[in-house]
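Listed here are the chains, written in short residue letters.
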Amino acid sequence: ELSKWRPEVIELWEKCSVPETINKETFQKSFIRHVNTTLARSIYNVDNFSAYQATAHAVRDRLIQRWNETQQIHTERDQKRVYYLSLEFLLGRSLDNALLNLGLKDSFGEGVKELGFKMEDILDQEVDAALGNGGLGRLAACYMDSLATLCYPAWGYGVRYTYGIFQQKIVDGYQDEFPDYWLNFDNPWELPRVDIVVDVQFGGHVNKITEGDKVRHEWIGGETVQAVAYDVPIPGYGVKNCINIRLWNSKPRRKFDFGKFNAGEYDQAVQEQMKAEFLTAVLYPNDNHMVGKELRLKQQYFWVAASLHDIVRRFKKSQRDWNEFPDQVAIQLNDTHPALAIVELQRILVDEERLDWDAAWDIVTHTFAFTNHTVLPEAMEKWPVPMISQLLPRHIQIIFDLNLFFLQRVEKFAPGDRDFLARLSIIEESTPQYVRMAHLAIVGSHRVNGVAKLHSKLIKETIFKDFVKYYGPDKFENKTNGITPRRWLHQANPKLSELITETLGHKDWLKDLTLLKKLEESVHDKEFRRRWMAVKHSNKVRLAEYIRDVVDVDVNPNALFDVQVKRIHEYKRQFMNILGVIHRYNTIKSMSPEQMRDVVPRVVIFGGKAAPGYYIAKLVIKLINSVASVVNKDSTIQDLLKVIFIPDYNVSVAEIIIPASDISQHISTAGTEASGTSNMKFVLNCGLILGTVDGANIEIHEEIGDDNIFMFGHLAEQVDDLRYAHRYRDVPMDPHLDAVIKDIESGSFGEARIFAPLINTLTFGKDYYLISDDFGSYLDAQKLVDEAYKKEKDWVKKSILCTANMGQFSSDRAIKEYAESIWGIIPVKV
Ligand code: CR1
């Protein structure tokens, strides 16, 4: 009998499976097998890159096994799952992370060493998976790590962009963008699932069909693009669970039009193919800024439609009743980018599954929850009704119907209040009309959350105020962001991780970050403090070497390293930072040699990308580089100040920079930075922060205490009045700021006219981000930083207390909160 299920076959199967126990020897066998077969190379032509690929494949074999086991048990148990829909996943590199999470780093390190390689060199070969812009995408990556580690049944859904965020080069001080063709070589961290293909439809028209007393809608015609699944396994730390991020890639439905091909129109025949492939070609490079390009809308629908199809297919396998859908499925919308999923699920339920409208809507609204990540008006997504009508003729009908029924309910709540209705409406009544995606997301979700306490309060008081009035406050929650300590301490800062483990006597802190609190007891231990400082110093040396490599400037690792790395944005005020640097430079220059002896040497480090179309942000980069080129070669200031712009800031560069910082700056205008997550990374890595009373800085302050943080500037509740003053009164500029501006205008940092548009933001632009208002207190806070740094012993204590009190900011805490209060899911451990 040729059955696959006979016991002896199963036994054979198990015998031949990849061995579960993996050690140095089995790794080496696997490594060599991959070099020989997967890469078709021999001992004579294995370079570091091939060694990386072979190691990655050996690790991937284990991941796939765990992935399979996890999926199997999740399918068997068939418990409620969460689906995290995010247009961005900023994963960075995978090899080191996988080795550490699987606990294989040491044995594999030994293994490659015996084969003649250095693990660091191998790790360095990997290119970042940079499928995101900034905080939002990195948050999604941290959340996946926590979901896996905490054994939750979870999937991520995203887009497999052929080009991730552009690579930044600095040419003559200006940012230049280059394509990030990260898939140039085989990507071992993805599994193409050529059998998982979903047809996604665009355009066409809608037929209304009357059947008895029922009306149904049929969406037909238009073009069809296929979505192909690529799966990215995400291993948990210290557990066997390995979850999945499914990324969709577009491809044409037909290879090409043979009719046209045979008629000799070759170019037209391949056109469809080219167009379809283009759909997922590129990530839009904007952070906190909406750009209304049709292709972006198509990407959103393509991804949402493919993901929902997949989710619904999985649900249907269990043959449950539709009203159980919300008991089996939670869908989290990472910002409004996937808000069309609400409409798509309603369409599937009503048009395809023939549920009645209200029953369907009840299911939809119990399924979705929505995270808002910003209050900036320019970031609010809205799409022109004509554009949606063209691409998604059935969806626009559903949106209008949803809105009608919603507004009818609102009308009952506030009879006759036309303004209230207009403010709540999903449709903005302009010419043309627009669909407000945040309104759609709120109406279609059972929970809405902000990402830090202040932010969650602000959304309730400002942008979503009317919704709070209508729904009541309970629909709105706070879920303060978090970061994964596995990548952001254990991986990025191995020496600190080791010291902590040794001091605490266990590694449990990596799964329960609140255990770091016990480090407080060691602040009085002199030897411990010495070692703590030695770790920081060696991380600074590592960064100094990196700086020499990339910008060819020598910096002194004994200087105070002052870092601001994040996307360049006016609200984040890198401009204020560089203006402060000019002030510092001029102050030092005016000093006598005796006075100079008292100055704390500083290295001010910037990094970050500007959106290619963001003119002012790009000018900030130019100004930083112009100041750097003057300051860095001025020998009269005796190396007391260096200014560095590190190009192409990304996840793996962050892993080098963050552990090396003494002080980092998080200086957004109060009320503008929803949370920030790099602030958490810096403090966890025992760097102090200089920050405004904004986003998660506030909660970090609460946790680590007054003595261990430098806070300054106006408060969120003062911002409106200050802006009003700039607009309608003649507010004099802060005198120190005025002097700095005059210095730039005198040509001290190159041709003044280059920077005129930047300076105009302070004058004609009415200083919207309130740099002048905060400048004085900013300089004062900087002085306190200098003074504190001089007291070395106290500084180390502060530094230890920073790390010790970061327990709250683990993404594990955040994910547990989501799981318990929004998703209603429980862990399923493999
Ligand atoms: C916020 O600007 C926050 C991340 C993650 C960003 C940042 O403060 O830490 O989200 N917002 O929550 C964003 O990208 C589109 O909005």
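Cut-offs used in this document
Residues numbered from 1 in each chain as written. Predicted model: local features only at pLDDT ≥ 70, side-chain atom pairs only at ≥ 80, totals over all residues. Helix = DSSP H or I, 4+ residues; strand = E, 2+ residues; numbered from the N terminus. Contact = placed C-beta atoms within 7 Å. UniProt positions renumbered as here; feature names shortened; annotations may be inferred. Buried ≥ 20, exposed ≤ 12 C-beta atoms within 10 Å, placed from the backbone. Pairing = 2+ DSSP bridges. Near = placed C-beta within 6 Å. Nonpolar A, V, L, I, M, F, W, Y, C, P; charged D, E, K, R; others polar. Domains from an automatic or database assignment. Axes fitted to C-alpha atoms, helices over the stretch in contact; angles between N-to-C directions. Parallel < 35°, antiparallel > 145°, perpendicular 65-115°, else oblique. Left-handed = near helix turned anticlockwise from the far one by under 90°. Core = buried A, V, L, I, M, F, W, Y, C linked by C-beta atoms within 7 Å. Expected span 1.5 Å × (residues − 1). Bend = angle between axes of the 7 residues up to and from the residue. pLDDT = per-residue confidence, 0-100.

(A) Structural view of the overall build of the protein. Within the protein, the secondary structure is distributed over 34 helices and 24 strands. Counting only C-alpha atoms and orienting by the principal axes, one finds that the protein spans roughly 95 × 75 × 60 Å. Within the protein, contacts between residues separated by at least 24 positions form 76% of all contacts whose residues are at least 6 apart in sequence.

(B) A look at the UniProt feature "modified residue: N6-(pyridoxal phosphate)lysine" (unreviewed entry) in the protein. In the numbering used here, UniProt assigns the "modified residue: N6-(pyridoxal phosphate)lysine" (unreviewed entry) feature to Lys681. Following the sequence through the fold, lysine 681 ends up in helix α27 (residues 678-684). Discounting residues that sit within four places of it in the chain, lysine 681 has contacts with Ile483, Trp488 and Ile658.

(C) The arrangement of the pairing of strand β19 (residues 560-565) in detail. Taken across its six residues, β19 has six buried, putting it largely inside the fold. Residue alternation in β19 divides its side chains into two sets, Leu560, Asp562 and Gln564 and Phe561, Val563 and Val565, and both sets are buried. Direction of pairing for β19 relative to strand β20 (residues 602-607): parallel, over a ladder of six bridges. Within β20, the position partnered with leucine 560 by the bridge is arginine 602. As judged from the two bridges shared by β19 and strand β22 (residues 663-666), these two strands associate in the parallel manner. For valine 563, the partnering residue across the bridge sits in β22 and is serine 664.

(D) A look at the sheet that holds strand β16 (residues 434-436). Read from one edge of the open sheet, three strands run β14-β16-β15, paired in antiparallel fashion. The open sheet is flanked by β14 (382-384) and β15 (427-428), the only strands paired with a single partner. Pairing geometry for β14 and β16, over three bridges, is antiparallel. For proline 384, the partnering residue across the bridge sits in β16 and is tyrosine 434.

(E) Structural context of the site of the ligand. Taken together, 17 residues lie near the ligand, and Gly135, Leu136, His373, Thr374 and Ser675 sit nearest. In terms of residue class, the shell around the ligand is built from five nonpolar, nine polar and three charged. Lining the shell around the ligand are residues from two domains, each supplying at least three of them: domain 2 (78-93 + 128-481 + 817-823) and domain 3 (532-808).

(F) Layout of the sheet that holds strand β13 (residues 368-371). On the basis of which strands lie adjacent, the open sheet formed by nine strands has the order β7-β10-β11-β4-β1-β12-β13-β17-β18 and mixed pairing. Two strands bound the open sheet, and with one partner strand each, they are β7 (191-202) and β18 (476-478). Recorded for the sheet is a direction-independent mean angle of 25° between the axes of neighbouring strands. One ladder, built from nine bridges, connects β7 with strand β10 (residues 223-235); its direction is antiparallel. Bridge assignment links proline 192 to a residue of β10, and that residue is tyrosine 230. Sheet contacts for helix α3 (residues 48-77): β10 and β11 (242-252); angle to β11, the most-contacted strand, approximately 100°.

(G) Structural context of the packing of helix α23 (residues 574-589) against helix α30 (residues 735-745). Close contact between α23 and α30 brings their axes to 9 Å; oriented N to C, the two are set at 85°. One way to sum up the angle between α23 and α30 is to call them roughly perpendicular. Touching Leu579, Ile582, His583 and Asn586 of α23 are His736, Leu737, Val740 and Asp743, all from α30.

(H) Geometry of the packing of helix α21 (residues 494-504) against helix α22 (residues 526-551). It is at 9 Å that the axes of α21 and α22 come closest, and there the two elements cross at 160°. One element, α21, and the other, α22, form an angle in the roughly antiparallel class. For the element pair α21 and α22, the recorded crossing hand is left-handed. Where α21 abuts α22, its residues Lys495, Leu496, Leu499 and Thr503 lie against Phe528, Arg531, Trp532, Val535 and Ser538.

(I) Just the domain arrangement of the protein, in detail. The assigned domain composition of the protein is domain 1 (21-77 + 97-127), domain 2 (78-93 + 128-481 + 817-823) and domain 3 (532-808). Centre-to-centre separation of domain 2 and domain 3, based on C-alpha positions: 36 Å. The interface is formed by 38 residues belonging to domain 2 together with 31 residues belonging to domain 3. Residue composition of the side of domain 2 that touches domain 3, grouped by class: 14 nonpolar, 17 polar and seven charged.

(J) Looking closely at the pairing of strand β4 (residues 154-159). Buried residues dominate β4, accounting for six of its six residues. On β4, burial covers both faces: Ala154, Gly156 and Gly158 on one face and Trp155, Tyr157 and Val159 on the other are all buried. The pairing of strand β1 (residues 81-85) with β4 spans four bridges and is parallel. The residue of β4 that forms the bridge with leucine 85 is tyrosine 157.

(K) Inspection of unusual backbone geometry at higher detail. Look at the link from threonine 431 to proline 432: it is a cis peptide, with omega at -5°. Mapped onto the secondary structure, proline 432 falls in the loop between β15 and β16. In the Ramachandran plot, aspartate 648 falls in the positive-phi region, its phi being about 55° despite a non-glycine side chain. Take aspartate 648: it is sitting in the loop between β21 (641-646) and α26 (651-657).

(L) Quick look at the nonpolar core. Formed by 236 residues in total, the largest nonpolar core has its most connected members in Phe302, Ala341, Ile624, Val627 and Ile644. Residue contacts for phenylalanine 302: discarding those within four places in its chain leaves Val200, Val225, Ala227, Trp248, Ser250 and Leu279.

(M) Region of the structure containing the environment of isoleucine 754. Relative to the helices and strands, isoleucine 754 is located in helix α31 (residues 752-760). Sequence separation of isoleucine 754 and asparagine 805 is 51 residues, and the distance between their C-alpha atoms is 45 Å.

(N) Spotlight on helix α32 (residues 771-790). The terminal C-alpha atoms of α32, which comprises 20 residues, lie 28 Å apart, in line with the 28 Å expected from a rise of 1.5 Å per residue. The sharpest bend along α32 measures roughly 25° and falls at serine 777. Along α32, the positions that sit buried rather than exposed are Ile771, Ser772, Asp773, Asp774, Phe775, Tyr778, Ala781, Gln782, Val785 and Tyr789.

(O) Structural view of the confidence of the model for the protein. When pLDDT is averaged along the protein, the result is 96, and 98% of the positions lie at 70 or above. At the level of chain-chain contacts, confidence expressed as ipTM amounts to 1.00, with global pTM at 0.98.

(P) Molecular detail of the environment of alanine 452. For alanine 452, the location among the structural elements is in the loop between β17 (447-450) and α18 (453-461). Take alanine 452: there are 25 C-beta atoms within 10 Å of it, and that puts it in the buried class. C-alpha of alanine 452 to C-alpha of alanine 696: the two residues are 244 residues apart in sequence and 5.6 Å apart in space. The residues touching alanine 452, leaving out its near neighbours within four places in the chain, are Thr480, Asn481, Ala674, Ser675, Gly695, Ala696 and Glu699.

(Q) Spotlight on the environment of serine 538. Following the sequence through the fold, serine 538 ends up in helix α22. Overall, serine 538 belongs to the partly exposed group, with 15 C-beta atoms counted inside 10 Å.

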